[in-house]
Amino acid sequence: MALATALPLIQTGLSIFGAVSANDAGNEAAELAMQGGELSKGASYANAADVESLGALNAGAITGAAKNNADMMRTIGYANAQAIADSTLHNLRVYSLQSQEQIKLHRRDERWHAGEIRAMQGSSGVMVNSGSPLAYLNAEITKGIEERQFMQTRDAYAMLGMADEGLKRSLLTVQQANYNAKVTQDNAALQARVTIAESVAQAAAMRRQGDISCLLYTSDAADEEDSVDLGGRRI
C-alpha cells in the first residue's frame, strides 16, 4: 500500500525533473542558436567588408594602370612629335644649303657668260645678237638677277611649306597622343566606377543575407524556448 502511494509521487517527480532538464536543454539550444545567428551575421558583414575593400583595390589598380598607359602614350607621342620637328628642321637646313649652292652656281655661270661677252667685244668689236655688246651684257645680267630672285622666292615658299607641314604633323601627333591618353583614362575611370558599384551591391547582398540568417536563428531560438511542456516533450 505504501508503494502504491509512493509510485505516483515518484512518477510526478521524474516528470518534473524531465521537464526541468528539457527546459534547460531548450534554453541552451536557444542560446546556441542566437550565438550562431550572431556569428553568421558577423561573418556575412566581414565578408561584405572584404568585398568592398577588394573592389576598391581593383578600381585603384585599374585607374593606376590606365594612368601609366596614358603617361606612356603621351611620352611616345611627344617624342614622335619632337622627332618630326627635328627632321623638318634638318630638311629645311639641307634645302637651304642646296638653294644657296644653286644661287652660287647661277652667279658663277652668269660671270662666265659675261666674260664671254666681253671677250667677244674685245676681240672683234662686232655686234652680238641685236644692239651693242654692252646692251647685250646688261640684258643678260638683268635676266640672271631675275632668275635668281625667282629661285630664291620659289625656295622660300617651298621651305615655308615644309615648315608648315612639319609643324602640323608634330602638333597632330601631340593631339593624337593626348586624345588617346584621355580616352584610356576615361574608360578606366568608368570601369573603376562599375567595379566599385558591383562590389558595393555584392556587399549589400551579403549583409542582407547575414541579417536574414540572424533572424532565422533568433526565430528558431524563440521556438526552442517555448516548445517545452511539463512532460519534457517538445511541442
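Keep in mind that what you see is a predicted model, and the values were worked out from it rather than measured.

The rules behind these values
- Residues numbered from 1 in each chain as written.
- Predicted model: local features only at pLDDT ≥ 70, side-chain atom pairs only at ≥ 80, totals over all residues.
- Heavy atoms only, no water.
- Helix = DSSP H or I, 4+ residues; strand = E, 2+ residues; numbered from the N terminus.
- Buried < 20%, exposed > 50% of the residue type's maximum accessible area, 1.4 Å probe, protein only.
- pLDDT = per-residue confidence, 0-100.
- Contact = heavy atoms within 4.5 Å.
- Phe/Tyr/Trp six-rings, centres within 6.5 Å; stacked < 30°, edge-to-face > 60°.
- Lys NZ or Arg CZ within 6 Å of the ring centre and 35° of its normal.
- Salt bridge = Lys/Arg side-chain N within 4 Å of Asp/Glu carboxyl O.

1. Thoughts on the environment of Leu57
With respect to the helices, strands and loops of the structure, Leu57 is situated in helix 1 (residues 2-124). Note on Leu57: relative accessible area 61%, which makes it exposed. For the pair Leu57 and Ile196, spaced 139 residues apart in the sequence, the C-alpha separation amounts to 9.1 Å.

2. Considerations on the confidence of the model for the protein chain
Confidence in the prediction for the protein chain averages 79 pLDDT; 69% of positions are at 70 or higher. For the stretch residues 228-235, pLDDT sits under 50, and the model shows 20 contacts to residues farther than four places along the chain or on other chains.

3. A closer look at the packing of aromatic side chains
Tallied over the entire structure, the rule returns zero aromatic pairs. The residue whose ring lies beneath Arg207 is Tyr45, and the NZ or CZ to ring-centre distance is 5.8 Å.

4. Looking at the environment of Ala70
On the secondary structure map, Ala70 appears in helix 1. Along the backbone, Ala70 and Lys182 are 112 residues apart, and their C-alpha atoms lie at a distance of 7.1 Å. Ignoring any residue separated from it by four or fewer positions in sequence, one finds Ala70 in contact with Ala181 and Gln185.

5. Here we look at the pattern of salt bridges
Evaluated as defined, the whole model comprises nine salt bridges. The salt bridge partner of Glu110 is Arg148, with a shortest N-O separation of 3.0 Å. Taken together, the positions of Glu110 in helix 1 and Arg148 in helix 2 (residues 133-226) put the pair 38 residues apart, joining distant regions of the chain. Residue classification places Glu110 among the buried residues on the basis of a relative accessible area of 18%. For Arg148, a relative accessible area of 10% gives the class buried. Put simply, Lys143 and Glu140 hold a salt bridge, and the shortest N to O gap is 3.5 Å.

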